[in-house]
Amino acid sequence: MEEKHEEEFQDGEELKRFSQLNHWLIGIAVALFLAAGLAAGYGYRQQMMVGQLSSHEQEMNATVSQLHSQLEAVTAKLNELTAPPPAPEAASGKSRGAARTAGKRGAAPDPRLKKMEARLDAQQKQLQETQDEVSKTRADLEGNLSSTRDELSGTIARNHDELVTLEKRGERSFFEFDLNRSKLFQRAGPLSISLRKVDAKHKHFNLALIVDDNELEKKNVNLYEPVWIHRADDPQPVQIVVNRIDRNHIHGYVSAPKYTNSDLATNGAAKLTPVSADTPHTDPVIPPQDKTPPPLPQ
């Protein structure tokens, strides 16, 4: 009996070991299967990438070949246009050689080469003209900038007394004005001015001007900011400065050259009445807006 139980125990142990071995074998088989699948997928992906790279390389080679062909064609055409005429071949007879030499000497040059040379000459001429214009414009701008600096240096009056001081220099004439917001124009020295919009809080305004029979607009002009107007007959620009802003009202002055170019040419005097000819100025009472439009300058 004991031997029988011992045999049964041994058989059970063998079955248990066999079962464990089967589990291990199945696990190894599954792992190998997964590894094979991953390897196959990776190989397929690598194969696809290699195919794409090969296709891209072929396209690049085709493009390079095309560009190389185009470059060779352009180079050949340039060589054809710029190459000197070939030397005449030696002929057995003197008359034949002379005829060929005369024919070669009398051959007309390629018209395309002449056309290209003419185009290059025209472009160089245009470039030179542009450079000359730029130099002239730069010189004019530098001169205008110097003149503007001279005009801006100490020429803004913040009240009537400073305005009289500026006029005593004898360089320019000054004309004060008071404007209410209106579409009508009021004469101030050589200009006709109309106040179109006022922002008393932020201290800026809009003006309409008549200059040389042309109507102009100046928008968002700040307090004490000079507005420069270049008239055709003035040696220097006319200046407009507003030194007080109220609700729907501004006070300022116009500064103009004492003489125009025409006056200087005829040694005549300016006919405008400057500020110093008026009575001593005090802060003015805002006048009512003139309802009749002033005559336009002649």
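Check the entry above for the structure.
Every value quoted in this text rests on a predicted model; they were computed, and no experiment measured them. (Residues numbered from 1 in each chain as written. Predicted model: local features only at pLDDT ≥ 70, side-chain atom pairs only at ≥ 80, totals over all residues. Heavy atoms only, no water.)

Visitor: Hey, could you go over the overall build of the chain for me, with residue numbers and the actual values?
Guide: Within the chain one finds five helices and eight strands. Sequence-ordered secondary structure for the chain, helices as α and strands as β, is α-α-α-α-β-β-β-β-β-β-β-β-α. Pairs at least 24 apart in sequence give 50% of the contacts found in the chain among residues at least 6 apart. (Helix = DSSP H or I, 4+ residues; strand = E, 2+ residues; numbered from the N terminus. Contact = heavy atoms within 4.5 Å.)

Visitor: If you had to explain the sheet that holds strand β4 (residues 204–211) to someone new, which residues and values would you point to?
Guide: The strand order across the open sheet built from four strands is β2-β3-β4-β5, with neighbouring strands paired in antiparallel fashion. Only two strands of the sheet have a single neighbouring strand rather than two, namely β2 (186–188) and β5 (214–222). If you compare each strand with its neighbour and ignore which way they point, the axes differ by 35° on average. Relative to strand β3 (residues 191–199), β2 runs antiparallel, the two being bridged by three bridges. Counted as the bridge partner of Ala 188 is Leu 191 from β3. (Pairing = 2+ DSSP bridges. Axes fitted to C-alpha atoms, helices over the stretch in contact; angles between N-to-C directions.)

Visitor: Explain the nonpolar core residue by residue, including any values.
Guide: Within the largest apolar cluster, 22 residues are counted, with the highest numbers of intra-cluster contacts made by Phe 177, Ile 193, Phe 205, Leu 207, Ile 240, Ile 250 and Val 254. At the level of secondary structure, the elements contributing two or more residues to this core comprise β1 (172–180), β3, β4, β6 (227–229), β7 (238–246) and β8 (249–257). The next biggest cluster of nonpolar side chains, apart from the first, holds six residues, and it includes Ala 157, Leu 166, Phe 174 and Val 241. (Core = buried A, V, L, I, M, F, W, Y, C linked by side-chain atoms within 4.5 Å. Buried < 20%, exposed > 50% of the residue type's maximum accessible area, 1.4 Å probe, protein only.)

Visitor: Quick rundown of the sheet that holds β7? Include the residues and the values.
Guide: If you walk across this open sheet you meet the four strands as β1-β8-β7-β6, and the pairing is antiparallel. Looking along the sheet, the strands with just one partner apiece sit at the ends: β1 and β6. When strand polarity is set aside, the average angle formed by the axes of neighbouring strands in this sheet is 25°. Taken together, the seven bridges between β7 and β8 define a ladder with antiparallel strand orientation. Residue pairing in the sheet places Arg 244 in a bridge with His 251 of β8.

Visitor: Which residues make up a nonpolar patch on the surface, and what values do they have?
Guide: Together, Ile 26, Val 30, Phe 33 and Leu 34 make up a nonpolar patch on the protein surface, roughly 440 Å² of accessible area in all. As for its position among the elements, Ile 26 is in helix α1 (residues 2–82). Using a relative accessible area of 52% as the deciding quantity, one classes Ile 26 as exposed. (Patch = residues over 30% accessible without salt bridge, like charges linked within 9 Å, V, L, I, M, F, W, Y side chains within 5 Å. Areas by Shrake-Rupley, 256 points an atom, 1.4 Å probe, with all protein chains shown as cover. Salt bridge = Lys/Arg side-chain N within 4 Å of Asp/Glu carboxyl O.)

Visitor: Help me get a handle on the pairing of β7, residues and values and all.
Guide: The element β7 is extensively covered by neighbouring structure, given that seven of its nine residues are classed as buried. Here β6 runs beside β7; their pairing, made up of three bridges, is antiparallel. Residue pairing across strands places Ile 229 opposite Val 238, the latter belonging to β7. Once β7 ends, the chain turns through two residues before running back antiparallel as β8, passing Asn 248 with a positive phi of about 60°.

Visitor: Before we move on, could you go through the pairing of β1 and cite the residues and values that matter?
Guide: Here β1 lies mainly inside the structure; eight of its nine residues are buried. Here nine bridges tie β1 to β8, and the two strands are oriented antiparallel to one another. Paired with Phe 177 across the bridge in β8 is Gly 252.

Visitor: Can you break down the packing of aromatic side chains residue by residue, with the values?
Guide: The tally for this structure, following the rule as stated, stands at one aromatic pair. Above the plane of the ring of Tyr 224 lies Arg 158, whose end atom (NZ or CZ) is 4.3 Å from the centre. (Phe/Tyr/Trp six-rings, centres within 6.5 Å; stacked < 30°, edge-to-face > 60°. Lys NZ or Arg CZ within 6 Å of the ring centre and 35° of its normal.)

Visitor: I'd like to hear about the environment of His 204, residue by residue, with values.
Guide: With respect to the helices and strands, His 204 occurs in strand β4. For the pair His 204 and Ile 245, spaced 41 residues apart in sequence, the C-alpha separation works out to 7.8 Å. Sequence-distant contacts of His 204, defined by excluding residues within four places in its chain, comprise Val 198, Asp 199, Asn 220, Val 221, Asn 222 and Ile 245.

Visitor: Provide a residue-level description of unusual backbone geometry, including the pertinent values.
Guide: For residues that are not glycine, phi is negative in most cases, and the peptide bond is trans in most cases. Even without glycine at this site, Asp 213 takes up a positive phi of about 65°. Mapped onto the fold, Asp 213 is located in the loop between β4 and β5. Taking relative accessible area as the criterion, Asp 213 reaches 52% and is therefore assigned exposed. With a phi angle near 60°, Asn 248 is a residue other than glycine that sits in the positive phi range. The residue Asn 248 is located in the loop between β7 and β8 in this model.

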